[in-house]
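Architecture and fold: a report
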Amino acid sequence: MVKTVAAARPRARGRARIQAGHLFVLPYALLLLAFGIGPGIYAFCLSFATFAEGRPQFFQAGLANYVTAYTDFRFAGVFRNVALFLLISLPVGVIGVVVIALLLHMREGSFGTAMRTIYFLPGAVAGPTAVLLAIFVFDPNISPFQSLLQAMGYEVVSDVIRPRSLPLLFTLLGFFAGAGGWIAIFYGALNSISQEVLEAATMDGCNAWQSAWFIKLPLIRPYVAYMLILTFAGNVQLFAEPQLIAAAGAAPIPQPWSPNQLGYEFAFGLGNFGASAAISLLMLLIGLAGALLVLRATTIFRVDAAEA
Amino acid sequence: MRHAAKTHASAPARPRGSRLRTNGLGPLGAAIRVVLLLLLAVFFGLPLLWLLLAPTKTNTQLTDWMPLAFGSFARVGEAWKNLTDFSDGVVLRWGLNSIFYTFGSLLLGLAVTLPAGYGLATLRFAGRRTLIWLTLITMIIPSSALVLPLFLELSYVRLANTPWSVILPAAFFPFGVYLAYIYYATSLPNDLLAAARIDGCNEWQLFTNIGLPLSRALLGLLTFVSFTANWNNYFLPYVMLNNSRLFNLPVGLQVLMTGTSALRPTFATDLPIRRAEVALAGLLLVVPVALVFLYSQRFVVSGALTGATKE
């Protein structure tokens, strides 16, 4: 194959570098295969499987699992619930974060920095801790916002946590824990706007509000799109909040409330792994669509950093 | 990464006189801004302050006293004793599990992530672009979308309900690989690598002698992201683990919330796990992350963490 010694050397070196590259990424590629791609492929196979003697018989079920899952009497309800939640949480989250970041960015100084830190800290509250805090905060008997809740006519926690108010409560909870991180990211994006542009706007007579609306907001638009897509993809996956509020018995709410809860219920409540796979595959596809949209529609992430 | 940090560092160095951003706000505008920001501080800060004070009070004091009243430190000790006595000290066991899982995923994740990011940034090999695309896609998909499929997969290979079922999936850290890739691609001096190659260094020696020593900022960033995500990891261990001795603190907190009458005031039991005890358990989870946050906020503002807040 190799004709001359002179030609062989660069080729051999080229091949050695290819091998080195593969060795560097090999452990990661294995994890990616096992825990990034594998679960999706396995869920796909499982969604067409029947279960005899506890082990899956792949591709024996046809579409039966999909029919079971998607025609379940709770299927439409759980999607209606998250749709309502998204309808409230997306605009509240994005508008809230953008307005706060712009307000903070109007003036530099220690006051703004202190405020930013206070908004950021609740990000440390996640999962069960967030639900715990919510149960306390929404209880008019002990809440730090007691006087406000009592003024609104609420007396016990089940007056506040009601089935109809859940989309709004989950929005407040998500905003409380998640806004600070986004505010910091938007603040970073605002900081990267060139000073010359802002100076020019000021000289042309823009006041602080006008420069926020006409100059800064258009320049951070890619981040708005990015946050919208990620918040959508993340909020669709709601699980811990409805699961725990119901389980803690603080207030009666219908179960399952979200699609992921229904998938969980199929696997653990009914032992129907095939139907559970059919639901989780749908949720995974929604996440995948969001990811592809971020990569296609925004320029936040770079594939070719090395060439840049 | 490095240049992002630099632009951030240069911000405060701007001369005090040229505070151009403040122009045109006016006294009324400034007042409105301050009032709005203070109201928001109440929204974000008050619940945390309340949680910090809750373990100092008894159940009756929590309902009868002012919400932000301080009880006593002795009461915190009592709540701590009740909490650690619960079910033969299982709470401490959960805490140790949390530390073990968090740092297991962190160390394993770093050992896999750093070479991968370095390889993607400095070497060209078949399949490189595909790997970058798959990394980007898997880092943006919410991790909760993968939990049920992961459980189905790992129970097929009989790994569910073992510590590995929590540690291994969390060691898969595509966002870390992306950060490492960007970091090495933008901050490693290419001439230095080329010179070392001519001097006979192989690629692994380049990585350990040049790449790793220049990775301090990157290591801090990856540790921050991985720690905060894994310390709070709830959905994955909740689904994977069945044996309560294997639970981590978030799943354990859920047991305290749902398995006791702490949050059901109408159910009177003798078990001394009440609101104060559950609040204290919640603080065990919140305080370490909050401290790390206070220390690492600069990473986020420098823009380096874009994409870190996926749910």
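All figures in this text were calculated on a predicted structure; none of them were measured in a lab.

**A short note on the overall build of chain B**
- Looking only at helices and strands, chain B has 15 helices and zero strands in total.
- For chain B, the residues scored as buried account for 56% of the 311 residues in total.
- Contacts spanning at least 24 positions in sequence make up 73% of the contacts within chain B whose residues lie at least 6 apart.
- Accessible surface, chain B as shown: approximately 13300 Å² in total, 66% of it carbon and sulfur.

**Examining the overall build of chain A**
- Check the secondary structure of chain A and you find 14 helices and two strands.
- Sorting the 308 residues of chain A into buried and exposed places 54% on the buried side.

**Examining unusual backbone geometry**
- Cis geometry is adopted by the peptide bond preceding Pro 256 of chain A, which originates at Gln 255 of chain A and carries an omega value of -10°.
- Checked against the element boundaries, Pro 256 of chain A lands in the loop between helix H12 (240–248) and helix H13 (259–269).
- Positive phi values are uncommon outside glycine, yet Asp 88 of chain B reaches one of about 60°.
- Relative to the assigned elements, Asp 88 of chain B resides in the loop between helix H4 (73–85) and helix H5 (90–122).
- The phi dihedral of Arg 158 of chain B falls on the positive side, at around 60°, and the residue is not glycine.
- Note on placement: Arg 158 of chain B falls in the loop between helix H7 (147–156) and helix H8 (164–171).
- Looking at Arg 158 of chain B, the relative accessible area reads 62%, which means it is exposed.

**Things to note about the confidence of the model for chain A**
- Of all residues in chain A, 92% attain a pLDDT of 70 or more, and the chain-wide mean is 88.
- In the model, residues 1–10 of chain A has pLDDT below 50 throughout and makes three contacts with residues more than four positions away in sequence or in other chains.

**Considering the packing of H5 of chain B against helix H9 (residues 174–187) of chain B**
Residue and element names in this part refer to chain B.
- For the pair H5 and H9, the least separation of the axes is 8 Å and the interaxial angle reads 45°. With respect to their mutual orientation, H5 and H9 come out oblique. Relative to H9, the crossing made by H5 is right-handed. The residues of H9 that touch H5, namely those facing Thr 113, Leu 114, Ala 116, Gly 117, Tyr 118, Leu 120 and Ala 121, are Gly 176, Val 177, Ala 180, Tyr 181, Tyr 184 and Ala 185.
- Taken together, the residues that form the contact of H5 with H9 break down as ten nonpolar, three polar and no charged.

**Looking at the confidence of the model for chain B**
- With 86% of its residues at a pLDDT of 70 or more, chain B shows a mean pLDDT of 86.
- Taken together, the stretch residues 1–22 of chain B has pLDDT below 50 and engages in 28 contacts with residues farther than four places along the chain or on a different chain.

**Here we look at the packing of aromatic side chains**
- A complete count under the given rule lists 46 aromatic pairs over all chains for this structure.
- Note on Tyr 119 of chain A and Phe 44 of chain B: the rings are 5.1 Å apart at their centroids and 40° apart in plane angle, and the pair reads as tilted. Pair noted here: Tyr 119 of chain A is in helix H4 (residues 110–120) and Phe 44 of chain B is in helix H2 (residues 26–53), and the two residues belong to different chains.
- On the basis of relative accessibility, which here comes to 0%, the residue Tyr 119 of chain A falls in the buried class.
- Between the aromatic rings of Phe 170 of chain A and Trp 257 of chain A, the centroid separation amounts to 5.1 Å while the plane-to-plane angle is 80°, which identifies the pairing as edge-to-face. Remark: Trp 257 of chain A occurs in the loop between H12 and H13 and Phe 170 of chain A occurs in helix H8 (residues 166–191); sequence separation between them is 87 residues.
- Ring-pair connections join several aromatic residues into one group, and the members of that group are Phe 239, Tyr 264, Phe 268 and Phe 273 of chain A together with Phe 151, Tyr 234, Phe 235 and Tyr 238 of chain B.

**Some points on the interface of chain B and chain A**
- Chain B puts 115 residues into the contact, and the matching count from chain A is 116 residues.
- For the chain B and chain A pair, buried surface summed over both sides reaches about 11000 Å², with 73% attributable to carbon and sulfur atoms.
- Scanning the region where chain B abuts chain A turns up one salt bridge.
- Remark: the boundary between chain B and chain A carries nine residue pairs in polar contact (both at pLDDT 80 or more).
- Considering every element that reaches the side of chain B that touches chain A, the biggest residue donor is H2 of chain B, with 18 residues.

**Considerations on the side chain of Ser 258 of chain A**
Residue and element names in this part refer to chain A.
- Along the chain, the position of Ser 258 falls in the loop between H12 and H13.
- Residue class for Ser 258 comes out buried when judged on its relative accessible area of 0%.
- With residues near it in sequence (within four places) discarded, Ser 258 still touches Val 78, Val 82, Leu 238, Phe 239 and Pro 242.

**Details of the pattern of salt bridges**
- For the structure shown, the criterion picks out seven salt bridges over all chains.
- Two residues, Asp 139 of chain A and Arg 275 of chain B, come together in a salt bridge whose shortest N-O distance is 3.6 Å. Taken together, the residues span two chains, with Asp 139 of chain A in the loop between helix H5 (127–137) and helix H6 (146–151) and Arg 275 of chain B in helix H15 (residues 275–301). One exposure class covers both Asp 139 of chain A and Arg 275 of chain B, and it is buried.
- The partner of Lys 81 of chain B in a salt bridge is Asp 85 of chain B, and the shortest N-O contact between them spans 2.7 Å. Taken together, the positions of Lys 81 of chain B and Asp 85 of chain B, both in helix H4 and four residues apart, correspond to about one turn of that helix.
- Judged by its relative accessible area of 44%, Asp 85 of chain B is partly exposed.

**What about H5 of chain A?**
- Extensive coverage of H5 of chain A is indicated by the burial of eleven of its eleven residues.
- Restricting attention to buried positions, one finds in H5 of chain A the residues Gly 127, Pro 128, Thr 129, Ala 130, Val 131, Leu 132, Leu 133, Ala 134, Ile 135, Phe 136 and Val 137 of chain A.

**Comments concerning a nonpolar patch on the surface**
- On the surface, Trp 209 of chain A together with Leu 28, Ile 32, Val 35, Leu 36 and Leu 39 of chain B cluster together into a nonpolar patch covering about 570 Å² of accessible area.
- At five residues, the largest contribution of residues to the nonpolar patch is made by H2 of chain B.
- With respect to the helices and strands, the residue Leu 28 of chain B is situated in helix H2.

**Remarks on the nonpolar core**
- Tyr 119, Ile 161, Phe 186 and Phe 301 of chain A together with Tyr 184 of chain B are the most contacted members of the largest nonpolar core, which totals 201 residues.
- At 14 residues, H8 of chain A tops the list of elements feeding residues into this core.
- In this structure, Tyr 184 of chain B is in contact with Leu 114, Gly 117, Tyr 118, Ala 121, Phe 207, Gly 211, Leu 212, Ser 215 and Leu 218 of chain B, ignoring residues within four places of it in sequence.

**With respect to the environment of Ala 184 of chain A**
- Locating Ala 184 of chain A in the fold gives a position in helix H8.
- Each C-alpha atom of the pair Ala 184 of chain A and Phe 120 of chain A lies 7.5 Å from the other, and the pair is 64 residues apart in sequence.

**Observations concerning the environment of Leu 131 of chain B**
- Checked against the element boundaries, Leu 131 of chain B lands in helix H6 (residues 128–140).
- Along the chain, Leu 131 of chain B and Ala 116 of chain B lie 15 residues apart, while their C-alpha atoms are 10.0 Å from each other.

What counts and how
Residues numbered from 1 in each chain as written. Chains lettered and ligands numbered in written order. Predicted model: local features only at pLDDT ≥ 70, side-chain atom pairs only at ≥ 80, totals over all residues. Heavy atoms only, no water. Helix = DSSP H or I, 4+ residues; strand = E, 2+ residues; numbered from the N terminus. Buried < 20%, exposed > 50% of the residue type's maximum accessible area, 1.4 Å probe, protein only. Contact = heavy atoms within 4.5 Å. Areas by Shrake-Rupley, 256 points an atom, 1.4 Å probe, with all protein chains shown as cover. pLDDT = per-residue confidence, 0-100. Axes fitted to C-alpha atoms, helices over the stretch in contact; angles between N-to-C directions. Parallel < 35°, antiparallel > 145°, perpendicular 65-115°, else oblique. Left-handed = near helix turned anticlockwise from the far one by under 90°. Nonpolar A, V, L, I, M, F, W, Y, C, P; charged D, E, K, R; others polar. Phe/Tyr/Trp six-rings, centres within 6.5 Å; stacked < 30°, edge-to-face > 60°. Buried area = accessible area lost by both parts, 1.4 Å probe. Salt bridge = Lys/Arg side-chain N within 4 Å of Asp/Glu carboxyl O. Polar contact = N/O pair within 3.5 Å; in protein donor to acceptor, adjacent residues only side chain to side chain. Patch = residues over 30% accessible without salt bridge, like charges linked within 9 Å, V, L, I, M, F, W, Y side chains within 5 Å. Core = buried A, V, L, I, M, F, W, Y, C linked by side-chain atoms within 4.5 Å.

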